[in-house]
2 protein chains.
Amino acid sequence: MAMSGLRTTRMIWSRGLKAPSCHLQCRPMSAMASVQQTQHRETFEPEGPRVVTDIPGPRSKQMLQDLDQIQNVGMVKFFCDYEASRGNYLVDVDGNVMLDLFTQISSLPLGYNHPAMMDVLKNPVNWSTFVNRPALGMYPPGDWAQRLRSTLLAVAPAGHQQVITMGCGSCSVENGLKAMFMKFMRVRRGGAPYTQEEMDSSLRNQLPGSPNLSVLSFSNALHGRTMGCLALTHSKWQMKVDFPALDWPIADFPNLRYPLDEFKEENRKEEERCLAMVEDLILKGDQNGMAVAGIVVESIQAEGGDQFASANFFQGLRDITNKKGIGLLMDEVQTGCGVTGKFWAHEHFNLTDSPDVVTFSKKMLTGGFYNKDSFRPQESNRIFNTWVGDPSKVILLEAVVKEMTRSNLIGQVNVTGEHLLSELKNMQARYPSILHKARGLGTFCSVDFCDTETRDNTVNKLRQRGMNTGVCGTTTLRFRPALTFLPRHVDIFMGHFDAVLADVTK
Amino acid sequence: MAMSGLRTTRMIWSRGLKAPSCHLQCRPMSAMASVQQTQHRETFEPEGPRVVTDIPGPRSKQMLQDLDQIQNVGMVKFFCDYEASRGNYLVDVDGNVMLDLFTQISSLPLGYNHPAMMDVLKNPVNWSTFVNRPALGMYPPGDWAQRLRSTLLAVAPAGHQQVITMGCGSCSVENGLKAMFMKFMRVRRGGAPYTQEEMDSSLRNQLPGSPNLSVLSFSNALHGRTMGCLALTHSKWQMKVDFPALDWPIADFPNLRYPLDEFKEENRKEEERCLAMVEDLILKGDQNGMAVAGIVVESIQAEGGDQFASANFFQGLRDITNKKGIGLLMDEVQTGCGVTGKFWAHEHFNLTDSPDVVTFSKKMLTGGFYNKDSFRPQESNRIFNTWVGDPSKVILLEAVVKEMTRSNLIGQVNVTGEHLLSELKNMQARYPSILHKARGLGTFCSVDFCDTETRDNTVNKLRQRGMNTGVCGTTTLRFRPALTFLPRHVDIFMGHFDAVLADVTK
């Protein structure tokens, strides 16, 4: 069913990427076999979207009813045929071919079924890594250090030579917090060993072993959904209400006016206000016996509505944390892996001193965090769990990192991102009653709507035209394409965006 | 290097398991090719351990130094050659072949490189599942409901038709807690919708949206290492000290005397004491405005020292939670997947009403939890994250579940477990000054030592003989073999155990 659409669509390999040998690369995907045999080697993804039903279509709707028997399906958009999907195009179970600008909540680095990743699966040498998931902290594979060097350390932020893998973004942040707590307490006790009282009381969740410490976060932030992460998360009530929460300090994240270059002075003041609030909350923590051990911040607030702050703001946070002797954790779960035009978004800030902890997940395929040497756990069994990550994700990441270098994908992100932002600004000029705040770094772009209803209406109409997009905040459309997204994809999208907006303004 | 040991070891396929066609099944593992070509099809794993160096050997030691440059390696035992490992035998990078009774902290269901799991990797149809990890909560694959039915629902505990996947054990427990909080608050507000004040205040971690609720746990428990899980964890100070903790109630877990049938009355009183403490803590929570929304308990306390409690105790917890209208979460992360001789350990308790939430991970390959219908999230986006699990783990689990049925592995666990426990009791009778408390269900067995030093000394000597074992608590040796562990493996182990204990008592 799904394949018939693809079979009749001429497929081309994205320009600007070196074409893989598809006869070899794609052969094992059985559903594609007949396509591959008759297509030129420079074919890979469809040349455009193709919509054959409403989305969700009848098969998706049937599957939704079915899955609803098993779990809450309130967030499900439609069901997918991942085997048939290719590159920037997601194919659903009804055979609709959609240009994907959201890529599984920003978690696919190279789009669907990229040959470089398929090669990992095709190679029998790699299979044992997928079937024997080790307890990495106790029994690592012989090539583990080398794998970390060829992947996570090869792309480490400046100032970082230490890295620990984790399963997901939440576990990465949770354990990054521990690295900050340990460092803070190590300094506080001046190198003295743990007392028996500390060890014993910690087992009962009591002082002094379980100290009164907090971590400062920002309004609208999202850092994950486990309890430590949730204490730092303030974007949507659905994630929070009815769950007990730690009463940790929350500073305002700068609410900047756009266009940024027209409101420089106003925005500078807003950021200074927020920094002063941070300092004040840290002081209050000291005064009320609940010291702030660290600050957690996204390089760009994503779920909270794609809120950008300036390099000055982040330098301010770095200065405050250094002055107070507390940690700075930069959460790059959504902003890492090149999407902003640098490998890590915080590299745009030219900080005088790199963040102490940098967390990652999503497009990096493995979760984990970098930490400065001084934030390394000193004792064993402090940062540990059964799996401590998954080597099968790291060998896939190795293919991604190599492909990013080979095809200069970060360079491509900059080219595509410039075109995307420029076109968003054009659309904003064309539909000033609907769109504002077009903004972005690399392809990490967004634009705000006049209201939630118009945005959601637009997103739905876009989907019916085969444009799969994501939202964040209350009025924001966010763009989270793969690193292989090209200017021609931007153009395809803008054609549909224009048509939908014209329809909406009628 | 590592392979030379295997090549000269006659390999046999474990008795009692249907032999795979190794010529076909194992062919793609390149390092094994020459072995496979000359071996009979009934070969699979080595017939015994083979030690060629100290363990850790020179290569492991070199790798340890190398990895130490990147992260704390205090828990690393040795480095492994997973491609060369087979069945119940783990091969290290120095070519030592070890019988594995710990199986990656109890997380390998079928041992190493099991043909049924390798078949999943060999099938090109499955490859796209490994390279396109979906955001399952938004864009599930078309076969998702069917996959859940053929795996997690096919083995669901009685009373459960709802299941949600997660990435790891900690995330499973964290989200299981949320299911209990939501249910508790839904009852408390009598079906009324959330107020605006609740929604708004929850974003600031404040009352009433972030209510004062707790979850009751037990001394010595381990439920994970994220902040919600850590609040319920009380087994080792290294996991806890310096990290702020929620002041939630902790009841004593029964400290039973062994042999259980000799101390029935005493143990009954001990369990009644603990149950009374639970009731008292719940009452106190009501009185001090910090209501207990649920109880979290392991079916068998594992990390805490393999502490068993009786069916009566768990029925008592079920009665108390039902009476109080609060949730009962049974944590089966380590006890699930058949290791106790039933698929879920709590099935040994014949509860009059099944637990409300049952968490799993480890041998299940995917994390997640079952929840009763009444504990299902009512609104969307309540239990959600980027990935919500990983279908590539579920297709591997499908192979595991099929193999468990095909080869009656739970039946095998009962046979092997009976032999293991009987032999442990023999050893205990033979070395009464060293061993006591031999106990177990299925192959989930353990025995305690006179002191920590003797245990650790024994574990090290066992390792030097090619027996890889695990510990828990302060004096416990725990057995966590794969489901394919056979009486002959027990015999091989006991020969070495006897020799080591004889040496220790000299």
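Quick notes on the rules
- Residues numbered from 1 in each chain as written.
- Chains lettered and ligands numbered in written order.
- Predicted model: local features only at pLDDT ≥ 70, side-chain atom pairs only at ≥ 80, totals over all residues.
- Heavy atoms only, no water.
- pLDDT = per-residue confidence, 0-100.
- Contact = heavy atoms within 4.5 Å.
- Buried area = accessible area lost by both parts, 1.4 Å probe.
- Salt bridge = Lys/Arg side-chain N within 4 Å of Asp/Glu carboxyl O.
- Polar contact = N/O pair within 3.5 Å; in protein donor to acceptor, adjacent residues only side chain to side chain.
- Nonpolar A, V, L, I, M, F, W, Y, C, P; charged D, E, K, R; others polar.
- Buried < 20%, exposed > 50% of the residue type's maximum accessible area, 1.4 Å probe, protein only.
- Helix = DSSP H or I, 4+ residues; strand = E, 2+ residues; numbered from the N terminus.
- Pairing = 2+ DSSP bridges.
- Axes fitted to C-alpha atoms, helices over the stretch in contact; angles between N-to-C directions.
- Least-squares fit on C-alpha atoms with pLDDT ≥ 70 in both.
- Phe/Tyr/Trp six-rings, centres within 6.5 Å; stacked < 30°, edge-to-face > 60°.

Asks: What is the right way to look at the confidence of the model for chain A in this model?
Replies: Interpretation of this model should avoid reading the predicted coordinates in detail wherever pLDDT is low. Residue and element names in this part refer to chain A. Within chain A, residue pLDDT values average 92, and 92% of them lie at 70 or more. Low pLDDT, under 50, characterises residues 1-42; the stretch is placed with 90 contacts to residues that sit more than four places away or in other chains. Scored as a complex, the prediction yields pTM 0.93 and ipTM 0.92.

Asks: Looking at this structure, how should I read the interface of chain A and chain B?
Replies: In many reports, interface size means the accessible area that the parts give up when they come together. Each side of the interface is counted separately: chain A has 122 residues, and chain B has 121 residues. Around 11,200 Å² of area is buried between chain A and chain B when both sides are counted, 60% of it from carbon and sulfur atoms. Applying the counting rule to chain A against chain B returns 10 salt bridges. Two residues, B:Arg149 and A:Asp66, come together in a salt bridge whose shortest N-O distance is 2.9 Å. Applying the counting criterion to the chain A and chain B interface returns 64 residue pairs in polar contact (both at pLDDT 80 or more). Among the residues making up the side of chain A that touches chain B, the classes are represented as 62 nonpolar, 36 polar and 24 charged.

Asks: Would you mind showing me how to read the pattern of salt bridges here?
Replies: It is possible for side chains of opposite charge to pair when their charged atoms get near one another. In total, this model carries 62 salt bridges over all chains according to the counting rule given. One salt bridge connects B:Arg189 with B:Glu198, and the closest N-O pair in it is separated by 3.1 Å. The exposure class of B:Arg189 is buried, given its relative accessible area of 16%. Since its relative accessible area comes to 11%, B:Glu198 is described here as buried. A salt bridge links B:Arg318 to B:Asp356, with the shortest nitrogen-to-oxygen separation between them at 2.9 Å. Remark: B:Asp356 occurs in the loop between strand 9 (327-331) and strand 10 (357-360) and B:Arg318 occurs in helix 13 (residues 311-324); sequence separation between them is 38 residues. With a relative accessible area of 0%, B:Arg318 lands in the buried category. The structure contains a network of salt bridges with shared partners spanning A:Arg189, A:Glu198, A:Glu379, A:Arg382 and B:Asp242.

Asks: Explain the side chain of B:Ser128 here, please?
Replies: Inspection of the secondary structure puts B:Ser128 in helix 7 (residues 124-131). Here B:Ser128 falls in the buried class, since its relative accessible area comes to 3%.

Asks: Help me understand the sheet that holds strand 16 (residues 476-479) of chain A, please; the structure alone is not making it clear to me.
Replies: Within a sheet, each strand pairs with its neighbour through backbone hydrogen bonds, oriented either parallel or antiparallel. All names here are of chain A. On the basis of which strands lie adjacent, the open sheet formed by four strands has the order 12-13-16-15 and antiparallel pairing. A single partner strand is all that each edge strand has here, and the edge strands are strand 12 (435-441) and strand 15 (470-472). Ignoring strand direction, the axes of neighbouring strands in this sheet form an average angle of 25 degrees. Here strand 13 (residues 444-449) runs beside strand 16; their pairing, made up of four bridges, is antiparallel. In the strand pairing of strand 16, aspartate 448 is matched with threonine 476. Strands in contact with helix 16 (residues 452-464) are strand 13, strand 15 and strand 16; relative to strand 15, the strand with the most contacts, it is inclined by about 165 degrees.

Asks: Quick question: what am I supposed to make of the relation of the copies chain A and chain B here?
Replies: The operation relating the two chain copies consists of a rotation about an axis and a shift along that axis. Superposing chain A onto chain B requires a rotation of 180 degrees together with a translation of 0.0 Å along the rotation axis, leaving an RMSD of 0.0 Å. In short, the pair behaves as if placed about a two-fold rotation axis. Ranked by how close their C-alpha atoms come to the rotation axis, the residues of chain A are headed by A:Met227, at 2.7 Å. Most of the interface of chain A is mirrored in chain B: 99% of its interface residues are interface residues there too.

Asks: Quick question: what am I supposed to make of the packing of aromatic side chains here?
Replies: Aromatic ring pairs are defined here through the distance separating the ring centres and the angle between the ring planes. Residue and element names in this part refer to chain B. What the rule picks out here adds up to 37 aromatic pairs over all chains. Centre to centre, the rings of phenylalanine 218 and phenylalanine 313 are 5.9 Å apart; their planes meet at 70 degrees, and the pair counts as edge-to-face. With phenylalanine 218 in strand 6 (residues 213-218) and phenylalanine 313 in helix 13, this residue pair connects regions lying 95 residues apart in the sequence. Residue phenylalanine 218 is classed as buried on the basis of its relative accessible area, which comes to 1%. Look at phenylalanine 313 and you get buried, because its relative accessible area is 0%. Ring geometry for tryptophan 344 and phenylalanine 360: centres 6.1 Å apart, planes at 45 degrees, overall tilted. With tryptophan 344 in the loop between strand 9 and strand 10 and phenylalanine 360 in strand 10, this pair connects stretches of sequence that are 16 residues apart.

Asks: Can you help me understand unusual backbone geometry in this one?
Replies: For residues other than glycine, phi is negative in most cases, and the peptide bonds are mostly trans. In this chain, A:Leu207 is followed by A:Pro208 through a cis amide linkage whose omega measures -5 degrees. Within the fold, A:Pro208 resides in the loop between helix 10 (196-203) and strand 6 (213-218). Across the junction of B:Tyr258 and B:Pro259, the peptide omega takes the value -5 degrees, indicating a cis bond. Structurally, B:Pro259 is set in the loop between strand 7 (250-251) and helix 12 (264-287). Non-glycine residue A:Asn381 carries a positive phi angle of around 65 degrees. Within the element layout of this structure, A:Asn381 appears in the loop between strand 11 (367-371) and helix 14 (391-406). Exposure remark for A:Asn381: the relative accessible area of 10% places this residue in the buried category.

Asks: Got a minute to help me understand the pairing of strand 6 of chain A in this structure?
Replies: Side-chain direction in a regular strand flips from residue to residue, so the side chains alternate between the two faces of the sheet. All names here are of chain A. Counting buried positions along strand 6 yields six of six residues, so the element is predominantly enclosed. Of the two faces of strand 6, the one lined by Leu213, Val215 and Ser217 and the one lined by Ser214, Leu216 and Phe218 are each fully buried. In the sheet, strand 6 pairs with strand 8 (residues 291-298) via four bridges, with the strands oriented parallel. What sits directly across from leucine 216, in strand 8, is isoleucine 295. As paired strands, strand 6 and strand 7 (residues 250-251) are joined by two bridges and run parallel to one another. In the strand pairing of strand 7, serine 217 is matched with isoleucine 250.

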